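Below, each chain spelled out in residue letters.
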Amino acid sequence: MLAQNTSYEWQLLNIMMSIHCFSDPMKGKAIVLLTTILAVLGVLAIALHAHSSPSEVVAIEIRNSTGARILVKALYPDGFREIRPLSIEGETVYLDVSGLRRAWGEVVERRSYGGEPFIVLTVVRGGKVAVHGISLGEKARSSKITIVPSYRRLSQVNASLGQSGGTSRTSSSDDVYEILENSEERIIPAVVAEVLNFDRNSWGQVTWGYLQNARVGFGVYVFLNGELMKVGTIYLYSPRGGSVSHAAFGRGESVYVWMNFIYRYERWSVHVNGGNFYEEYVFVKGFEPASLSWGHERPPNVMPAPVSSWKLAGRYTSDTITYPYYQFSLNELPSDYFSIDASGFVSALSSEGAIPGVWPGNFSIDVKYKSGNMSAFTFTLDLYGERGSCHPVFEGLSKAQGKDQGVPLVAFRIGG
């Protein structure tokens with residue numbers, strides 16, 4: 001191809017030099033010819049570039065979707081965008097996500113984070129809707145993804161919304177589309193770990209770290225029909241590490257560890273068959289491990305740990321001041337995720353009038369820190385006390401959407 005391109009360049013150069021030898025009428029025709037040649041070569045260059053960038057097609061089977069209208073959004077580094085499927089066969093949708101994956105790969109060079117492709121499917125059928133998020137990891141390259149929609153009846157529109165005959169139809173239809181009406185984004189520090197110490201006979205230290213390039217999953221939430229739902233998990237990573245080492249606290253002294261997160265809100269208007277409804281999304285689209293900080297007091301601009309209740313971990317007696325009476329590491333958390341606060345972000349937007357309606361209070365975002373035996377974050381806690389002294393230690397829990405039990409937090413209380 002290099003030899004051919006060079007040949008084209010020499011031919012164009014010869015043509016341009018020959019133009020100067022033409023009479024004025026001939027020169028005009030030659031310029032038109034040259035312009036045409038350049039246009040053709042431009043089209044060839046685009047085609048060659050497209051051919052050199054192979055597409056990545058993902059197949060998603062959406063069961064129980066016959067007769068449904070299907071809309072697809074892809075989460076790019078700058079937010080969600082509607083994308084058009086390549087085709088739909090029966091209940092299977094085919095998507096080209098090569099551009100999406102490439103966009104996330106390129107953003108690492110400009111920002112401090114990257115991510116795996118993530119899409120959201122909105123399936124409307126018979127006046128009901130299902131919203132389902134899918135993280136497109138490496139397995140999505142070689143295997144079909146199958147989902148079973150969990151339909152909920154739409155309260156804002158008539159019951160005939162979404163009926164379209166015997167086959168599924170996608171957002172390529174003129175009467176099926178969605179529009180991003182508003183979006184807001186903030187970089188906000190939030191507490192990732194805390195120890196509230198009300199015990200004058202106890203002291204200790206904590207450490208917190210992030211493993212460079214490790215994947216961290218963040219819950220993606222949609223507010224629809226007056227209900228807040230988790231629709232999926234987006235996996236992000238940072239090429240930069242970060243840590244807090246030996247954050248010590250004295251007798252009756254507390255300690256907080258916090259980090260910057262990039263929170264985003266989007267409001268989408270979904271139109272189907274002349275009716276419409278709204279989807280409002282809140283999610284974390286990036287995090288900055290290099291911003292990790294700690295202190296004995298929580299600064300006013302730092303969102304607190306979303307503690308809704310405390311559970312007694314135990315009552316411990318200190319045998320000596322030189323050895324901890326209580327130790328904890330993140331691997332001992334009874335779950336592979338914890339929570340960070342999001343209600344502060346939503347409340348700020350509500351007070352500014354950026355979010356219509358009333359959102360649930362105590363809103364938190366799940367953070368999946370472990371994949372298999374790999375932990376993206378590390379945390380250790382060592383508690384010391386006077387010899388012979390007894391210390392009640394409590395563990396914090398967060399209220400979770402759609403869960404009967406609270407979500408574990410990296411939050412502790414001594415005494416109090």
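What counts, and where the lines are drawn
- Residues numbered from 1 in each chain as written.
- Predicted model: local features only at pLDDT ≥ 70, side-chain atom pairs only at ≥ 80, totals over all residues.
- Heavy atoms only, no water.
- Pairing = 2+ DSSP bridges.
- Helix = DSSP H or I, 4+ residues; strand = E, 2+ residues; numbered from the N terminus.
- Axes fitted to C-alpha atoms, helices over the stretch in contact; angles between N-to-C directions.
- Salt bridge = Lys/Arg side-chain N within 4 Å of Asp/Glu carboxyl O.
- Buried < 20%, exposed > 50% of the residue type's maximum accessible area, 1.4 Å probe, protein only.
- Phe/Tyr/Trp six-rings, centres within 6.5 Å; stacked < 30°, edge-to-face > 60°.
- Lys NZ or Arg CZ within 6 Å of the ring centre and 35° of its normal.
- Core = buried A, V, L, I, M, F, W, Y, C linked by side-chain atoms within 4.5 Å.

Examining the sheet that holds strand 5 (residues 92–96)
Across a sheet, strands are paired by hydrogen bonds formed along the backbone, either parallel or antiparallel in direction.
Point 1. Pairing in this open sheet of four strands is mixed, and the strands run 4-5-1-9 from one edge to the other. The open sheet is flanked by strand 4 (87–89) and strand 9 (145–147), the only strands paired with a single partner. Adjacent strand axes in the sheet meet at a mean angle of 25°, parallel and antiparallel pairs treated alike.

Things to note about the pattern of salt bridges
Point 1. Considering all chains together, one arrives at 17 salt bridges under this definition.
Point 2. Note that Lys285 is salt-bridged to Glu185, the shortest N-O span being 3.3 Å. Taken together, the residues span a long stretch of sequence, with Lys285 in strand 18 (residues 275–295) and Glu185 in strand 12 (residues 176–197) at a distance of 100 residues.
Point 3. The class for Lys285 is buried, based on a relative accessible area of 3%.
Point 4. When salt bridges with common partners are traced through the structure, they connect Glu185, Arg264, Glu266 and Lys285 into a single cluster.

Here's the deal with unusual backbone geometry
Apart from glycine, the bulk of residues carry a negative phi angle, and the bulk of peptide bonds sit in the trans form.
Point 1. Backbone geometry at Asn64 places phi at a positive 60°, although glycine is not the residue there.
Point 2. Structurally, the position occupied by Asn64 is in the loop between strand 1 (57–62) and strand 2 (69–76).
Point 3. What makes Asn64 partly exposed here is its relative accessible area of 45%.
Point 4. Here the phi dihedral of Asn273 falls at roughly 50°; this positive angle occurs in a residue that is not glycine.
Point 5. The topology assignment puts Asn273 in the loop between strand 17 (255–272) and strand 18.

Here we look at the packing of aromatic side chains
Point 1. For the coordinates displayed, the defined rule picks out 21 aromatic pairs.
Point 2. Considering the side-chain rings of Phe338 and Tyr369, the 5.9 Å spacing of their centres and the 35° angle between planes classify their relative orientation as tilted. In this pair, Phe338 is assigned in strand 21 (residues 337–341) and Tyr369 in the loop between strand 22 (364–368) and strand 23 (370–371), connecting sequence segments 31 residues apart. Take Phe338 and Tyr369: they sit in the same class, and that class is buried.
Point 3. Its guanidinium or amino end placed over the ring of Phe394, Arg413 lies 4.1 Å from that ring's centre, counting from NZ or CZ.

Concerning the nonpolar core
Point 1. Formed by 105 residues in total, the largest nonpolar core has its most connected members in Trp208, Tyr263 and Phe377.
Point 2. The next biggest cluster of nonpolar side chains, apart from the first, holds six residues, and it includes Leu196, Tyr256, Val302 and Ala305.

A closer look at the sheet that holds strand 13 (residues 202–210)
Point 1. With antiparallel pairing, the four strands of this open sheet are ordered in space as 16-13-25-20. A single partner strand is all that each edge strand has here, and the edge strands are strand 16 (242–249) and strand 20 (326–329). The sheet shows a mean angle of 5° between the axes of neighbouring strands, taken without regard to direction.
Point 2. In this structure, strand 13 lies alongside strand 25 (residues 377–385), joined through nine bridges in antiparallel fashion.

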